[in-house]
Amino acid sequence: METIEQLKRQVESLQDQLRQQEKMATLGLLTAGIVHEIRNPLNFVINFSKLSGDLIKDLEEDIEANTADIDGDDVEDIRDIMESLKENLQKIKEHGDRAISIIQNILLYSRGKEDEFIPTDVCKLVKEYVWLSYHAMRANLKNFNISILEDYGKDIPMMSVVPQDLSRAVLNVMNNACYAVWDKAQNGDADYKPTVSVKVARQAEELVISITDNGVGMSPEVKQRLFETFFTTKPTGQGTGLGMFITRSIIEEKHHGRIEFDSEEDRFTTFSLIIPIKA
C-alpha cells in the first residue's frame, strides 16, 4: 500500500513538473519576442551615444579655436562639463553593449539549434550568466545581496561549445550557489559575509569552470542524491529538482566532460564543470 502511495506521489510530482515545463516553454517564446523588440531601441541608444561623442569632439575643437574670445573661467567650466559628458556617454555605451550581449545570449538560448557547437568566448559567457543569475536572484529573493569574486584566465582560446547549453549549466550552478548563501544569511549572523567565487582556468587541455560559495553546504544524503531527477532541497515552488540533472547531461553527454564537487555542511560548496578544450 505504501508503495502505491509513493508511486502516486511521484506521478503527481511528475505531472506538476511537466505543467511547469510547458509554462516555461511558452514563457521562453514570449521572452524571445520581447527581447528581440528591446534590441532595436538599445541599438539606437548605443549609436546615438557614439554620435554624441563625435559632436562633443567637434565642439572641443571649436572651443579650442576660439578660447581667446571666451573668459578663462568659463573655458575651464566648459571643459569640465564636456569631460563629464564624455564619461557619461562612455558609460551609456558600455552598459548598452552589455545589454545587447545579454540579449544575444538569450536569443541564442531560445533559438539555438540543438547540439550545435559554435566557437565561443567561454569567459565572457560565464561572466554574463553569473551576473544574470545574480540580478535574477535579487529580483526574487528578499534582502538578497552577496559579494562575487571573479577570476577569468587570460590564456583561454575560443572554444567550440553549445553556448545555450553551457550557459544553462553555469546558470544552474550559480543559482544554487546564490540560494545557498542567501539561505545561510537568514540565520541572522551579523558577521557572515555571503560570497560566491567564480573561476575559469585552463588546466592542460581542459577548461575548468569553478563556482564556490560559503553557504549552507551539502549533507551526505544530498551529495548522494544530487543528480537524481526531481530531487531538490529548496521549498516547494523554488526548485524543480531538474537543475543538476540537466547540468550533468550538458557537461558529460554533450561536451564529453565531467563534474566534480566538494562540500562541507555550513561551510562551503564547490562545483567544477570540466570540459575538454576544442578550439
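Above: the structure in question.
Residues numbered from 1 in each chain as written. Predicted model: local features only at pLDDT ≥ 70, side-chain atom pairs only at ≥ 80, totals over all residues. Heavy atoms only, no water.

## Topic: the nonpolar core
Part 1: Membership of the largest hydrophobic core comes to 45 residues, with the highest contact counts inside it found for Val126, Val198, Leu207 and Ile209.
Part 2: Those elements that provide at least two residues to this core are α3 (122-140), β2 (147-152), β3 (159-161), α4 (163-185), β4 (195-203), β5 (206-213), α6 (243-254) and β7 (268-276).
Part 3: If one sorts the elements of this core by residue count, α4 sits on top with 10 residues.
Part 4: In this view, Ile209 contacts Val122, Val126, Leu166, Val170, Lys199, Val200, Phe271, Ser272 and Leu273; residues no more than four positions away in its chain are not counted. (Core = buried A, V, L, I, M, F, W, Y, C linked by side-chain atoms within 4.5 Å. Buried < 20%, exposed > 50% of the residue type's maximum accessible area, 1.4 Å probe, protein only. Helix = DSSP H or I, 4+ residues; strand = E, 2+ residues; numbered from the N terminus. Contact = heavy atoms within 4.5 Å.)

## Digging into the environment of Tyr179
Part 1: Structurally, Tyr179 can be placed in helix α4.
Part 2: By relative accessible area, Tyr179 is classed as buried at 12%.
Part 3: Separated by 42 residues in the primary sequence, Tyr179 and Met137 have C-alpha atoms spaced 7.9 Å apart.

## Section: the packing of α4 against α6
Part 1: Running from amino to carboxyl end, α4 crosses α6 at an angle of 140°, the nearest separation of the two axes being 9 Å. What the angle tells us is that α4 and α6 run oblique. Seen from above, α4 lies across α6 with left-handed handedness. Across the interface between the two elements, Asp165, Leu166, Arg168, Ala169, Asn172, Val173 and Asn176 of α4 pack against Gly243, Met244, Ile246, Thr247, Ile250, Ile251 and Lys254 of α6.
Part 2: Classifying every residue of the contact of α4 with α6 by side-chain character gives 7 nonpolar, 4 polar and 3 charged. (Axes fitted to C-alpha atoms, helices over the stretch in contact; angles between N-to-C directions. Parallel < 35°, antiparallel > 145°, perpendicular 65-115°, else oblique. Left-handed = near helix turned anticlockwise from the far one by under 90°. Nonpolar A, V, L, I, M, F, W, Y, C, P; charged D, E, K, R; others polar.)

## Some remarks on a negative patch on the surface
Part 1: The grouping of Asp71, Asp73, Asp74, Asp77 and Asp80 at the surface amounts to a negative patch.
Part 2: Tracing the chain through its elements places Asp73 in helix α2 (residues 72-111). (Patch = residues over 30% accessible without salt bridge, like charges linked within 9 Å, V, L, I, M, F, W, Y side chains within 5 Å. Areas by Shrake-Rupley, 256 points an atom, 1.4 Å probe, with all protein chains shown as cover. Salt bridge = Lys/Arg side-chain N within 4 Å of Asp/Glu carboxyl O. Lys, Arg positive; Asp, Glu negative; His and termini not counted. Charge placed at Lys NZ, Arg CZ, Asp CG, Glu CD.)

## Overview of the environment of Ser197
Part 1: With respect to the helices and strands, Ser197 occurs in strand β4.
Part 2: Since its relative accessible area comes to 27%, Ser197 is described here as partly exposed.
Part 3: Measuring from C-alpha to C-alpha, the distance between Ser197 and Ala177 comes to 9.4 Å, with 20 residues separating the pair along the chain.
Part 4: If we skip the residues at most four places from it in the chain, Ser197 touches Leu149, Ser210, Ile211 and Thr212.

As far as function goes, none of this settles anything; it's purely spatial.
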